[in-house]
2 protein chains.
Amino acid sequence: MTKFVYDFAEGNKEQKDLLGGKGANLAEMTNLGLPVPPGFVISTDACRAYMADGDLPDGLPAEIEEHLTALEEERGKRLGQADDPLLVAVRSGAATSMPGMMETVLNVGLTDESVHGLAAAAGDERFAWDSYRRLLQMFGATVLGMEPAVFADALDAVKSDRGVELDTDLSAEDLQELVVTYQRLTEEHTGRGFPQDPREQLDLAIRAVFESWNTDRAKLYRRQERIPDDLGTAVNVVAMVFGNRGPGSGTGVAFTRDPASGNQGVYGDYLENAQGEDVVAGIRNTLSLADLERLDKASYDALMEIMATLEQHYQDMCDIEFTIEDRKLWMLQTRVGKRTPKAAFRVASHMLAEGVIDADEALQRVNGDQLAQLMFPRFDLDSDAEPVATGMGASPGAAVGKAVFDSATAVEWAARGEDVILVRRETNPDDLKGMVAAQGVLTSRGGKTSHAAVVARGMGRTCVCGAETLDVDTEAGRFTVRDGPTVEQGDVISIDGTTGEIFTGEVAVADSEIVKYFEGSLEEGERSDLVDAVDAAMHHADSRRRLRVRANADTAEDAARARRFGAEGIGLCRTEHMFLGDRRQLVEDLIVAGDATEQEAALQALLPLQRQDFTEILEAMDGLPVTIRMIDPPLHEFLPDLTDLSIKLARQKDAGDVEERDRVLLEHVRRLHEQNPMLGLRGVRLGILIPGLFEMQARAILEAAADRKAAGGDPHPEIMIPLVASVRELDVVRRRIQGVAEQVAEERGPVDYELGTMIELPRAAVLADRIAKSAEFFSFGTNDLTQMTWGFSRDDVETSFFSTYLDVGIFDVSPFESLDTQGVGALIRLGVEKGRAARPDLHVGVCGEHGGDPRSIHFFHDVGLDYVSCSPFRVPVARLEAARAAATAKSGA
Amino acid sequence: MTKFVYDFAEGNKEQKDLLGGKGANLAEMTNLGLPVPPGFVISTDACRAYMADGDLPDGLPAEIEEHLTALEEERGKRLGQADDPLLVAVRSGAATSMPGMMETVLNVGLTDESVHGLAAAAGDERFAWDSYRRLLQMFGATVLGMEPAVFADALDAVKSDRGVELDTDLSAEDLQELVVTYQRLTEEHTGRGFPQDPREQLDLAIRAVFESWNTDRAKLYRRQERIPDDLGTAVNVVAMVFGNRGPGSGTGVAFTRDPASGNQGVYGDYLENAQGEDVVAGIRNTLSLADLERLDKASYDALMEIMATLEQHYQDMCDIEFTIEDRKLWMLQTRVGKRTPKAAFRVASHMLAEGVIDADEALQRVNGDQLAQLMFPRFDLDSDAEPVATGMGASPGAAVGKAVFDSATAVEWAARGEDVILVRRETNPDDLKGMVAAQGVLTSRGGKTSHAAVVARGMGRTCVCGAETLDVDTEAGRFTVRDGPTVEQGDVISIDGTTGEIFTGEVAVADSEIVKYFEGSLEEGERSDLVDAVDAAMHHADSRRRLRVRANADTAEDAARARRFGAEGIGLCRTEHMFLGDRRQLVEDLIVAGDATEQEAALQALLPLQRQDFTEILEAMDGLPVTIRMIDPPLHEFLPDLTDLSIKLARQKDAGDVEERDRVLLEHVRRLHEQNPMLGLRGVRLGILIPGLFEMQARAILEAAADRKAAGGDPHPEIMIPLVASVRELDVVRRRIQGVAEQVAEERGPVDYELGTMIELPRAAVLADRIAKSAEFFSFGTNDLTQMTWGFSRDDVETSFFSTYLDVGIFDVSPFESLDTQGVGALIRLGVEKGRAARPDLHVGVCGEHGGDPRSIHFFHDVGLDYVSCSPFRVPVARLEAARAAATAKSGA
């Protein structure tokens, strides 16, 4: 039979899945000999069994009884014993911390009878009644589902009646009276009295903790934090120690280093004569640890020694909760402390310097998301701007602009060159154009999976959502901050998509010093400790990673920047962007060409322009591989919109004055119009259908490479064919390009090049062995592959149903943001295996947007890709995550 | 080392891949002891090596030498020997017959010297010179690449000079003079004389046969007939026998039964004093076999005996070529004879009755395509209409209508209720609407892979293409048949998409007697021998097949018809069709509903209508499973077109008179407008996003089933969820439907139903094991699965680039017509395996259009599906092919 209950002495810190984080760490501290109140843990197995059956599993009550008896024996008193009761705390503790989400009941075991015993034993009437009213309060709210305000109002009434400010000013009699009131309120609200059987109290509290796993807010929190729903929580039953036994008692929290800056030195808060919930509730002002040293030197010294022990033992910054009962220190919790990105890099760097951890471990202490946060522009920290409200930081960045309250205004104002912030209660697909036009998006409702959040992250737009203190009146074009200012349409506001802070007026934006560091533009002496920490991490990362990192770049300028950011080549150079701007006319000529001669003329006009583009890019990436993709999108993208042009023509017809060019253009727009352009005439299909198009592009690439070589350069062009589904398509194109290469070799001398293909259709992945016979490299196009594998296009569905899909739990995260490793990943794995089986020296990379996403990079490492390619700004993130993946894989192996 | 050359005595009829069809059958006849002239075969291996290297492979010349020497020894004379030359025929012969595509050279070995020896040995000057001029003629055209007309003109000149009509009227001297002329022409056109070395003649002829594999017309033929390009041809080198040695000689072709009707009794043509090419060329009128009996009883009797032997040996109708040299019969070729669909069924049935073959073998003698051809309406065979021209039958059926010459007219006339035939030189995507509107399509250019052919087949429209004798003038709106009538726009024409025949005026269309048989509407006494044959085949098929056959049917009427055609349930009932017509307004109300109440009201209005639909369908399929798919297409399909409505609104605005309903409608059309509706908000996504929609449909189904049950019926509804990519989607919908089912059970009593999903997205196939945990059945939607796997939509690309893809050999056949077993098939296989692994009793079918395609059905059998579902008309085809697949699988195992 499954064992459900563990004594603290039976566990250790590695058993978080079974004992929860709190239980595992209490066990660890117990075994370290630190002063932990005795107790036991009911495992997450029990919780899962409870969730499955709706009742405590067989055997659990007996195990609880057994451990409780042992605890009673150790403490020499029984739970709720009339003359000297054992009291226990019942605390939830899941594997992953869910702060504020789950439940705790303290002082379990007090009854109308044993409260007198406690008073007698402690010699303190006031303490006993205070403890009892706390139990009634927590039990009522947590176990019996009463509104907390019921108790808070009664407490306020007594304080107001007595004319006192603080709870601690209430006398024993006041508190005794409050206990009577609380019991009456409990009876009124629940139809039953507060249970006077201590075991019943305990059992109900344990069930309540199990139940708290599935409250709506806990579920919502897990969805946002990507915590699986089926883990369940453990329950810790711990002998009570009391911070509320008078001035020699108290409770506090502390960090072994500063979690904001990463500075060395302990850091914490202490509250005299209080229990834990008083600290969190912020009822009274807390003291510093220095104050504790003054008040109770012995406890302070013990605390310092324990914190040093813990940091050394955990080899990381720790976060602890402690209680002092009558000048005796007790540890109630510890865990590895959460920290800001800045602190993460600095703590890792310091601990490496202190010799506590090695360089691989230091890498595991930071991550790409933190590095990315350090690279976003931030509001100037020296500014004295104070936020007027705080929402959820849903998509990072710092945005400043005039507040606008509807999409049309956003578009209109942006078109005339103004920066705007779109403010809405919540957004829907109609707001899309406004979101595109705005610098940032601010909503008063919805969480991290709301439409605004999902779409803004998708388009890289700064977003703060769910700022609930904002009253947004879109009709009137204004919002009012609760107890704060009113902002009218046109007023400038500033929003921080990382912290969720909202400011009125313009807040200065500071460039990231980390970006300056990567750019090489840091002035002498500007180099901070943080920059040193990042520098050290990047150096080790580059030596550690197996994955190469390339950039997606379409211009020489982007290529040069990417190279400064550490890119080892270009993984995707999109040629269609070179067909826009002034050249659009030439493309239009190509499309409306009446015959082969006109078509050829249009291609000839494009050739020197393309060659020049490639010459510059190859120069910027001299010595490194440059993967150039043949033109990919449907041709109609270079022509006017069908509906717009149709309306224009209809009006011309009504006026009896049709323009010939428009008429011809409309004919071609209609001809090229597709119901589903994503599934239409694009990629290699264009190359096969339009004679000369790919040949012109190949010629431009090869001539550029030949010219670079003649000029002493070292060009490494790789020609990439998009949207290949069948090796026969690749063969047709390959033969044509080989023909061009032979001509160019005769004209300008031979050039080495590789020819490969994107793997972005499910068929290409399934038949990768055949395709590899004609391809020297593969590059997974994960954006299209995701679209085809799921059967939805990013443009169409991300805005219409992704927030619903996130809400009902079909996605943890948009598959366009982080690779769907189960589905799309299975095809990638298949493609890599089949491709390498057919051609062992095949090199394989990825050039979809997932190439810069941390979670996805770990998958790409695991599956054995040679490189990832991402936007220039994500190159450092990818370098770091590639190394973390390599280090994890090794240690995990 | 590979052996390249085989004596006839070394081979047999099973070796077609190695020896070609002709060589393998000559070997078989040799070993049967039939009179086959001695010779040998150069294998297809040699041809493939030649194609790879461009030269004869090492070892081949020596092997040829060796076999030639053996042949010379057997015949007692050497190739081209001056006084009595051995002459040989060099004939191509691929594994699959390619009539008229490949090359033959007869009389190899004749030279200026040996022609005299032949004359002397045969005692016939005229015969010798006739043989020589034939060699020069064939060698010039085939080996040296000269225009055949060069020789034909010279021959005509001599005949005209001598004042004779027939070749046989020319004297030895005339022919000798012609030889001189032919040699001069050869020198003039090729710059070299006709080779006088007999071995050089032989080697060049062998190379020419190899080369003939890759002529453009051979490649085109193979593409149309789906013959792979890399098989190559064998070369037969056979001692010559002469049908041109005077009146006691001749040549002929014969069938052991009538290939048109299937009637018992031999059937053939004979030509006196001629070589094989004269029969094919149709230069003189042929005689019947009865004439041969009269002319040469002994040879006739021998032929009859041999034909009986062959039919008994091959256990099938045979097609032979023979030559009589001086009253001695020689067999030059045999093979299993091609036949019409009617003959196929009748021959199979007769041979079964004769005890020659068993019922399984009889099944292999017919196929679904033939059955389908028998089911198409055909022009009345009793009509005396004569075709005015014949093109290629590109998409079967019989269509009658007024000729129109542009798409707009076709649409306009069709809209006013007229039947039209769209006539074009060739079609392009602009003609699509016209093709949809027309009864049939006729083009003067392009083959079976032309745009017109591909698109017409895709939409099941009758099509005749490449009718080259038509001069189509679209500007003037008429076509003229070469040496025939002129048809003006509006004149009625009739086209036969099976035979390619074109008639002026209306030809009566006869219903298929086979359809009447399936319908059960054949009158007593109307039952022909063909019907009996089909009936026997279908009976055996039904007992033999493992695959069940269901129909795709959306109405009770279709369901009833499908049942008459043998359907064992409905595999796909599309509910969206039930939302059209009068109900469109309700759907519009649902979409533009302002709030939940309005939405609910619209759903409530739809409920009784849907329930009635389902009640009728369940009644028509009482006792059989009925799979009903929840609404699948994007909602905007129920609304007006965006561009049309935008133009309407723009005009209303210009006129200052905007209609409110149009304004609101446009808002919703814009909201629902998608760039790629195929990849948008459809299928299960609709069900998750629009509360109550699937629930309403489920309620309608379950209430209908409960009502049927209450009325004593036996309903088997299966609820199918479309476009599922993740098991979590299915779980969300399943929970909602279960809720509805519980309610309905309370209200009307419990109903058994199954809940399953379509597998039509690559992700669903890859993760079929997870999905199977929540699905009681799978139905592969091969149309969508093909779209997503290849990344193209049928609507968009079939019209724009499929003909190019077929032309350059990327497809053998459109993957929407016949399943892409390599790519899409791999996903289906994976889906079946994973699904069954997770749920062994999962039942699995297919409901895409491939369910009625013969090739695809064999794949579905092999992969272990439980059933296929197809349109009612294809049900008999599927029944037959399912049985053929089962029989093949067994015999092949």
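Conventions adopted
Residues numbered from 1 in each chain as written. Chains lettered and ligands numbered in written order. Predicted model: local features only at pLDDT ≥ 70, side-chain atom pairs only at ≥ 80, totals over all residues. Heavy atoms only, no water. Pairing = 2+ DSSP bridges. Helix = DSSP H or I, 4+ residues; strand = E, 2+ residues; numbered from the N terminus. Contact = heavy atoms within 4.5 Å. Axes fitted to C-alpha atoms, helices over the stretch in contact; angles between N-to-C directions. Salt bridge = Lys/Arg side-chain N within 4 Å of Asp/Glu carboxyl O. Buried < 20%, exposed > 50% of the residue type's maximum accessible area, 1.4 Å probe, protein only. Least-squares fit on C-alpha atoms with pLDDT ≥ 70 in both. Disulfide = S-S within 2.5 Å.

Draft legend 1. Layout of the sheet that holds strand 21 (residues 492-496) of chain B. Residue and element names in this part refer to chain B. Strand order in the open sheet formed by 8 strands is 12-22-21-14-15-16-17-13, with mixed pairing between adjacent strands. The sheet is open, and its two borders are formed by strand 12 (389-390) and strand 13 (392-395), each paired with just one other strand. Taken together, the 5 bridges between strand 14 (residues 398-404) and strand 21 define a ladder with antiparallel strand orientation. Note on strand 21: the bridge partner recorded for Gly401 is Ile493. Contacts from helix 16 (residues 407-415) reach strand 14 and strand 15 (420-424) within the one sheet, and its direction differs from that of strand 14 by about 110°.

Draft legend 2. Summary view of the pattern of salt bridges. Residue and element names in this part refer to chain A. Summed over all chains, the structure comprises 130 salt bridges over all chains. Where Arg544 meets Asp360, a salt bridge forms, and the shortest distance between an N and an O atom there is 2.8 Å. Of the two residues, Arg544 is situated in helix 20 (residues 529-544) and Asp360 in helix 14 (residues 359-364); the sequence distance between them amounts to 184 residues. Residue class for Asp360 comes out partly exposed when judged on its relative accessible area of 21%. Between Arg365 and Glu361 there is a salt bridge, with the nearest N and O atoms lying 3.0 Å from each other. The exposure class of Arg365 is buried, given its relative accessible area of 15%. For Glu361, a relative accessible area of 31% corresponds to the partly exposed category. Taken together, the salt bridges that share partners define one network made up of Arg611, Arg699, Glu703, Asp707, Glu747 and Arg748.

Draft legend 3. Summary view of the relation of the copies chain B and chain A. Screw-axis analysis of chain B against chain A gives a translation of 0.1 Å along the axis, an RMSD of 0.3 Å, and a rotation angle of 180°. These values place the two chain copies in the arrangement generated by a two-fold rotation axis. Closest approach to the rotation axis among the C-alpha atoms of chain B is made by B:Asn676, whose C-alpha sits 2.0 Å away. Interface residue correspondence from chain B to chain A reaches 100%, placing this contact among same-surface, isologous pairings.

Draft legend 4. Expanded view of the state of the cysteines. In this structure the tally under the stated criterion is 0 disulfides over all chains. A disulfide-free cysteine, B:Cys847 has its sulfur positioned 11 Å from the sulfur of B:Cys870, the nearest such atom.

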